Amino acid sequence: MLRRAISALAATAVAMPLFAATASAATHFSDVPASHPFVKEITWAANMGIASGYPDGTFRPTSAVTRGAFAAFLYRYAGSPTVSSPTTSPFTDLPTSAQFYKPIVWLEQQDIATGWADGTFRPGEAIDRDAMAAFLYRFHDSPSFTPPSTSPFTDVTPTSPFYREVTWLSGSGISTGWPDGTFRPASDVTREATAAFLHRMAGRPDVPGVGVPTSFTISGAGYGHGVGMSQYGAQAMALDGHGAGAILQTYYAGTSVSTVSAQRDIKVEVFGSGSDGKDSVTVVVRSLGPDSTDDGRWVMRFFDKGTTSPHTTWTGTNNEKLHVTRSGTSVTVERDGGTNATATKDISLQWEATSYYQPGSNEDAYVDIYQGDGASERRATHGTYRHGRLLISVPQSRIIIANELALNTEYLYGIAEMPSSWDHDALQAQSIVARGYALRQMGNYSANCTCHVYDDTRDQNFTGWTKENEGTDAYYGKRWVAAVDATNSSGGADGKVLKHGSSIAATYYFSSSGGQTENSEDIWSSALPYLRSVDDPWSESSINPNRSWTMTLTQAEAASAFGLPDVVSITVTARTAGGSDAAATKVTATSSAGATASITGAERIRSALAHGKSPWLWSFRPNY
């Protein structure tokens with residue numbers, strides 16, 4: 001049986017009186033002054049992310065701890081291990097949406113707490129001190145221990161319930177009871193006592209004083225915004241035997257799979273915005289075979305504003321580097337031999353074996369795009385382009401290259417949002433949501449990019465021929481193409497999408513969650529009826545490398561994010577609905593002077609504190 005105690009305890013550990021903690025550090029809770037008897041233990045528990053305070057800045061040390069909260073304290077002490085959360089609760093009074101569902105389930109799975117004989121757990125009841133002793137004893141794998149024949153406590157006898165556990169707790173030095181010789185087994189466990197018990201279990205580590213930590217270790221899970229389909233969840237469901245339809249129904253409740261007309265031309269910006277917006281770029285047509293038979297023929301046409309016919313037309317063959325530069329809103333191309341031409345509107349590049357040029361050819365001609373003059377052949381994009389044509393223009397004083405191609409086949413063949421090695425049903429689910437997303441974007445043409453969609457996370461990751469030709473003899477690319485084709489019909493003219501009512505659904509998706517997906521309005525602003533928070537145990541599968549993770553937030557990063565001179569503690573002070581698996585919506589930091597500042601909004605928190613990774617943040621441990 002797994003037990004993840006942070007440090008081993010000697011059965012003969014020297015006892016430490018319950019009120020003997022020495023304050024050596026200032027606390028940042030308004031009701032725990034430096035003179036508080038448990039300031040060291042409470043500060044340690046807060047720093048470790050085991051017990052946080054309340055939004056009003058208090059810790060409430062003498063408040064009773066509920067059974068549910070104590071489960072959470074133990075779970076966090078154990079390092080918040082991965083839990084396979086059952087879809088049906090093991091306790092009749094514990095819904096799966098309960099605040100502490102995961103920690104309680106973990107406690108039950110570890111045989112630390114089995115609940116009551118009537119099938120309840122009673123998470124809202126205060127935990128008694130003797131039950132607490134039993135929990136801690138089982139947490140340590142119920143170690144071999146011979147109870148003393150004479151009780152060390154006047155109110156606990158050898159026939160008392162949990163006698164073994166209570167005396168083990170005493171013998172281990174975790175609790176020696178009260179100065180009057182009692183243990184008070186039926187008394188409520190307080191928050192300050194819980195901090196003390198766990199601090200002693202950990203070996204009474206030193207707690208830094210008022211020093212400022214150099215960094216924070218963030219513990220979290222998942223990757224992405226959290227709305228819609230979890231891709232790792234889809235793969236886990238597929239591996240468990242669920243079909244594409246079942247996967248989609250899980251993540252987009254209330255939708256239905258429909259077939260729609262889908263073969264339209266879509267324009268994808270592949271170069272020109274963000275960090276790749278440069279004043280020069282090189283375009284090269286390639287062909288996979290030998291030049292003697294596969295010559296990669298191409299044609300380039302130059303258009304000026306106010307005209308529909310090209311003023312210059314070039315033709316050529318593969319491997320010639322076409323150097324593109326801009327001057328104002330004009331674009332110039334220079335050939336290898338020095339010939340150049342300029343367009344004030346745009347330039348069209350077409351190559352053989354496409355719908356635009358020599359469609360009867362059986363060559364696999366494609367286009368590379370390189371940085372600058374192309375001499376180093378460093379790619380300027382994250383894809384290569386086999387289908388459609390390229391449109392080169394300067395609509396916003398920067399070179400823009402858009403790939404115009406058929407949406408339902410050519411564009412979808414190049415969507416690189418899911419590994420092609422994954423299960424066929426997961427790939428089909430991905431192709432259905434990618435198609436629906438693209439069709440919805442067809443009404444959002446932007447003159448700024450001469451495109452309907454971008455080729456990155458602003459829309460969908462598109463790598464074109466790189467995806468379609470992936471693997472030896474395109475083995476993996478063919479798997480993805482087959483999945484797309486399996487959701488097509490009418491020779492590629494029609495394709496499957498998700499609909500809500502009569503409209504194509506906004507099928508957002510992301511990599512993986514921290515145990516639940518999120519309502520669309522909790523992450524962004526609009527509430528969509530089919531983008532509801534759902535339990536997502538599939539994301540916690542062992543196949544997901546982000547089912548749990550840690551990262552470092554430097555002191556400088558923390559201070560900058562919160563706008564404080566320094567930061568000594570960071571805690572999650574609000575989450576979306578759903579309990580311990582929910583995304584953080586408010587994170588509060590405290591400075592060494594006691595000032596506080598908060599960051600609100602899951603997306604802002606994800607960006608400011610987790611380097612864009614995820615909003616499922618569990619704890620911030622200071623490093624000194």
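Residues numbered from 1 in each chain as written. Predicted model: local features only at pLDDT ≥ 70, side-chain atom pairs only at ≥ 80, totals over all residues. Heavy atoms only, no water.

Asker: Account for the overall build of the chain, with residues named and values stated.
Answerer: Within the chain one finds 15 helices and 24 strands. Dimensions of the chain along its principal axes, counting C-alpha atoms only, are 100 × 50 × 45 Å. Counting across all 624 residues of the chain, residues that qualify as buried make up 54%. Of the contacts made within the chain by residues no fewer than 6 positions apart, 70% connect residues no fewer than 24 positions apart. The positive charge centre, built from 47 side chains, and the negative charge centre, built from 59, are 3 Å apart in the chain. (Helix = DSSP H or I, 4+ residues; strand = E, 2+ residues; numbered from the N terminus. Buried < 20%, exposed > 50% of the residue type's maximum accessible area, 1.4 Å probe, protein only. Contact = heavy atoms within 4.5 Å. Lys, Arg positive; Asp, Glu negative; His and termini not counted. Charge placed at Lys NZ, Arg CZ, Asp CG, Glu CD.)

Asker: Provide a residue-level description of helix α7 (residues 231–239), including the pertinent values.
Answerer: Across the 9 residues of α7, 8 count as buried, placing the element largely inside the fold. For α7, every residue scored as buried is listed here: Gln 231, Tyr 232, Gly 233, Ala 234, Gln 235, Ala 236, Met 237 and Ala 238. Looking at where α7 begins, the residue whose side-chain oxygen comes 2.9 Å from the main-chain nitrogen of Gly 233 is Ser 230. A positive phi of about 100° marks Gly 241, the residue just after α7. (Polar contact = N/O pair within 3.5 Å; in protein donor to acceptor, adjacent residues only side chain to side chain.)

Asker: How would you sum up the packing of aromatic side chains? Please name residues and give values.
Answerer: Here the structure, examined in full by the defined rule, presents 16 aromatic pairs. Between Trp 106 and Phe 139 the ring centres are 6.3 Å apart and the planes differ by 65°, which places this aromatic pair in the edge-to-face class. With Trp 106 in helix α3 (residues 101–109) and Phe 139 in helix α4 (residues 129–139), the pair connects residues that are 33 residues apart, well separated along the chain. For Trp 106, a relative accessible area of 4% corresponds to the buried category. (Phe/Tyr/Trp six-rings, centres within 6.5 Å; stacked < 30°, edge-to-face > 60°.)

Asker: Hey, could you go over the pairing of strand β22 (residues 584–590) for me, with residue numbers and the actual values?
Answerer: Each regular strand shows side chains that alternate between the opposite faces of the sheet. Counting buried positions over the 7 residues of β22 gives 6, a clear majority of the element. Here strand β21 (residues 569–575) pairs with β22 via 6 bridges, running antiparallel. Bridging from a neighbouring strand, Ile 570 pairs with Ala 589 of β22. Sheet topology places β22 next to strand β23 (residues 596–600); 5 bridges connect them, and they run antiparallel. Looking across to β23, one finds that Ala 589 is bridged to Ala 597. In textbook terms, the turn of a hairpin is the stretch between consecutive antiparallel strands, and for β22 and β23 this stretch comprises 5 residues, one of which, Gly 594, has a positive phi near 95°. (Pairing = 2+ DSSP bridges.)

Asker: Now, about the state of the cysteines: what can you tell me, with residues and values included?
Answerer: Between two cysteines, a covalent bond joining their sulfur atoms is known as a disulfide. Here the structure, examined in full by the defined rule, presents 1 disulfide. Between Cys 449 and Cys 451 runs a disulfide, and the two sulfur atoms are separated by 1.8 Å. Taking the sign of the torsion about the S-S bond as the criterion, the disulfide between Cys 449 and Cys 451, at about -80°, is left-handed. Across the pair, Cys 451 and Cys 449 agree in class, each one buried. (Disulfide = S-S within 2.5 Å.)

The analysis is restricted to geometry; functional conclusions fall outside its scope.
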